[in-house]
Amino acid sequence: MIRSLRTGITGLRTNQLRLDVIGNNIAGVNTTGFKRSRILFQDTLAQRIATGGRLSGPNAPNISSIGNGVSVGAIDQVWSQGALDYTNLPTDLALAGDGFFIAESSQGNVLTRQGAFTFDAEGYLVTPDALRIQGWPAGQDGSIATGALQDIRINPATTAPPVRTNGMVVTGNLAAERAIGTADPITMSSVIYDGTGQAHTIVLTAAKTADNTWALTGAEIAGDPNALPPVPATALNVTGDDLVFDAEGKLTAGGIFTVDGSFP
């Protein structure tokens, strides 16, 4: 009687641990980088018993044993890939597939798949616990210098020199059924930058002047080009040759335009 009660208790204890694992999985369902666990059961060692007749003795053809219940074999983490969520924060990172982020702590490197990082006051990329994220530095040409890991840091006081726009590509369709004349133009806009880093919004206008021929003009708009009515043009103007197409709609002439005006 006592042994049967003890065997039954092993089932209660192990299933209690199973409920603990399930509860932990439910509690961590919205935790970033959380990996669920699973529990594995196993039999405990059975007790061999002696019986009369042909089942006893050292050469008994059958072994009589009685089970002693169940125990926990292991509690494993399931490392399958989780769902990736978009957070709109540039410092929130995620790993697709195998791997870990490496963070530096007072006791050595720490591995984590939790990628909710921020920059501290000194520009170091850190975890929510203020551990600095480690990585390899990148050169100005984008090459990676492998070797010793370093703290990832972006100096908040560092600025990049402005780069003047040297050219742009405009793509689109011009409808052949448009009426000839400037009363039915097609407009498109693009942002360019001068040598000081100042943004200029250029609005291009394509007006059909003849069959398969379009005149391309444009000007800078100070403000929102979609405003009604648009703000008056300012310093920069766009000039270029007419766009000429053949009967199949292929461009045969034109297509190159320049921006004239004060553009440092």
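Below is a short write-up of the structure. (Residues numbered from 1 in each chain as written. Predicted model: local features only at pLDDT ≥ 70, side-chain atom pairs only at ≥ 80, totals over all residues. Heavy atoms only, no water.)

Moving on to the overall build of the protein chain. Secondary structure summary: the protein chain contains one helix and 17 strands in total. Pairs at least 24 residues apart make up 44% of the contacts formed inside the protein chain by residues separated by at least 6 positions. (Helix = DSSP H or I, 4+ residues; strand = E, 2+ residues; numbered from the N terminus. Contact = heavy atoms within 4.5 Å.)

It is worth spelling out the packing of aromatic side chains at this point. Inspection of every chain in the model, using the stated rule, returns two aromatic pairs. A centroid spacing of 5.8 Å and a plane angle of 75 degrees characterise the contact between Trp79 and Phe100, whose relative ring orientation is edge-to-face. Within this pair, whereas Trp79 is found in the loop between β4 (70-77) and β5 (101-105), its partner Phe100 is found in the loop between β4 and β5, the two being separated by 21 residues in sequence. Phe100 gets classed as partly exposed once you look at its relative accessible area, which sits at 40%. When the ring of Phe101 is compared with that of Phe117, the centres are 5.0 Å apart and the planes differ by 85 degrees; the resulting orientation is edge-to-face. Highlighted residues: Phe101 in strand β5 and Phe117 in the loop between β6 (108-112) and β7 (118-119), separated in sequence by 16 residues. Its end group placed over the ring of Tyr124, Arg132 keeps NZ or CZ at 3.7 Å from the ring centre. (Phe/Tyr/Trp six-rings, centres within 6.5 Å; stacked < 30°, edge-to-face > 60°. Buried < 20%, exposed > 50% of the residue type's maximum accessible area, 1.4 Å probe, protein only. Lys NZ or Arg CZ within 6 Å of the ring centre and 35° of its normal.)

What follows concerns the side chain of Thr91. Structurally, Thr91 can be placed in the loop between β4 and β5. On the basis of relative accessible area, Thr91 is assigned to the buried category, the value being 17%. A polar side-chain atom of Thr91 sits 2.7 Å from the main-chain carbonyl oxygen of Phe117. Those residues in contact with Thr91, other than ones at most four positions away along the chain, are Gly115, Phe117, Thr118, Phe119 and Leu125. (Polar contact = N/O pair within 3.5 Å; in protein donor to acceptor, adjacent residues only side chain to side chain.)

Let us look at unusual backbone geometry. Unlike most non-glycine residues, Ala130 shows phi in positive territory, near 70 degrees. Inspection of the secondary structure assignment puts Ala130 in the loop between β8 (125-126) and β9 (132-135). Residue Asn212 is not a glycine yet carries a positive backbone phi of 65 degrees. One can find Asn212 in the loop between β12 (199-210) and β13 (213-221). On the basis of relative accessibility, which here comes to 36%, the residue Asn212 falls in the partly exposed class.

Now for the pattern of salt bridges. Counted under the stated rule, the structure contains four salt bridges. Taking the shortest distance from any N to any O, the salt bridge between Asp76 and Arg38 comes out at 3.9 Å. Pair noted here: Asp76 is in strand β4 and Arg38 is in strand β1 (residues 37-43), with a separation of 38 residues, a long-range link. Lys250 is paired through a salt bridge with Glu248; the nearest N and O atoms lie 4.0 Å apart. A single salt-bridge network, built from bridges that share partners, covers Glu122, Arg132 and Asp151. (Salt bridge = Lys/Arg side-chain N within 4 Å of Asp/Glu carboxyl O.)

This is a description of form; function is not addressed.
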